[in-house]
Amino acid sequence: KRQVHGDPRNVHALHNRGICYERLALFRNAIEDFTLVIRINPQNANAFFNRGCCYDSIGELDLAIADYSTALEIDSKSGQAKGVPPPARGTGDFKKSAKKLN
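The rules behind these values
- Residues numbered from 1 in each chain as written.
- Predicted model: local features only at pLDDT ≥ 70, side-chain atom pairs only at ≥ 80, totals over all residues.
- Heavy atoms only, no water.
- Disulfide = S-S within 2.5 Å.
- Helix = DSSP H or I, 4+ residues; strand = E, 2+ residues; numbered from the N terminus.
- Buried < 20%, exposed > 50% of the residue type's maximum accessible area, 1.4 Å probe, protein only.
- pLDDT = per-residue confidence, 0-100.
- Contact = heavy atoms within 4.5 Å.
- Phe/Tyr/Trp six-rings, centres within 6.5 Å; stacked < 30°, edge-to-face > 60°.
- Axes fitted to C-alpha atoms, helices over the stretch in contact; angles between N-to-C directions.
- Parallel < 35°, antiparallel > 145°, perpendicular 65-115°, else oblique.
- Left-handed = near helix turned anticlockwise from the far one by under 90°.
- Nonpolar A, V, L, I, M, F, W, Y, C, P; charged D, E, K, R; others polar.
- Expected span 1.5 Å × (residues − 1).

Things to note about the state of the cysteines
Under the defined criterion, the tally for this structure stands at zero disulfides. Unpaired in terms of disulfides, Cys-54 finds its nearest cysteine sulfur in Cys-53, a separation of 6.9 Å.

Points about the environment of Ser-57
As for its placement among the helices and strands, Ser-57 is situated in helix H4 (residues 45–57). On the accessibility criterion, Ser-57 (22% relative accessible area) is partly exposed. For the pair Ser-57 and Phe-27, spaced 30 residues apart in the sequence, the C-alpha separation amounts to 7.5 Å.

Side note on the confidence of the model for the chain
Across the chain, pLDDT averages 79, with 67% of residues at or above 70. Looking over the chain, one finds the lowest element-wise mean pLDDT in helix H7 (residues 94–101), namely 43, and the highest in helix H3 (residues 27–40), namely 96. pLDDT under 50 marks residues 86–92. Its contacts with residues more than four places away, or in other chains, come to 16 contacts. Between residues 94–102, whose pLDDT stays under 50, and residues either more than four places distant or in other chains, the model counts 15 contacts.

Comments concerning the packing of aromatic side chains
Inspection of every chain in the model, using the stated rule, returns one aromatic pair. Their ring planes at 40° and their centres at 5.8 Å tell us that Phe-49 and Tyr-68 sit as a pair that is tilted. Of this pair, Phe-49 sits in helix H4 while Tyr-68 sits in helix H5 (residues 61–74), placing them 19 residues apart in sequence. Tyr-68 matches Phe-49 in its accessibility class, with the two residues each being buried.

Brief notes about the packing of H4 against H5
Any two packed helices are characterised by the angle at which their axes cross and by the distance between the axes. Where H4 contacts H5, the axes come no closer than 8 Å and their chain directions differ by 160°. Here H5 runs roughly antiparallel to H4, going by the angle between their axes. Regarding H4 and H5, the two cross each other, and that crossing is left-handed. When H4 is examined against H5, the residues Ala-45, Phe-48, Phe-49, Arg-51, Gly-52, Cys-53, Tyr-55 and Asp-56 are found in contact with a partner set consisting of Leu-63, Ala-64, Asp-67, Tyr-68, Thr-70, Ala-71 and Ile-74. Its residues placed into classes, the contact of H4 with H5 shows 10 nonpolar, two polar and three charged.

Section: H3
Here H3 contains 14 residues, and its C-alpha end-to-end distance of 20 Å stays within 8% of the 20 Å for a straight helix at 1.5 Å per residue. Considered for burial, the residues of H3 that qualify are Phe-27, Ala-30, Ile-31, Asp-33, Phe-34, Thr-35, Val-37 and Ile-38. Those residues of H3 that are buried are in contact with helix H2 (11–23) and H4.

Okay, here's the thing in structure tokens:
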């Protein structure tokens, strides 16, 4: 928190905090941080992908798909975005759906 408050434009700190929020299932907080990262760096494919995962987790299917698509547009070689399993879309449980693919 101190790192983000010390420099609110620190993309790495914001992104890492967003990931922490996501892992704690604080999806709306994570979405806020990933959105800030995207405002600072609109070419950050990882932020779009991670925000998409959060939207998927709260059942916001359209927003999730839009973010996954944007991540792929930015980085067509993105292993993360390419790996978005179709069953995950709309389930609200990306990680559970991803396990089904393995």
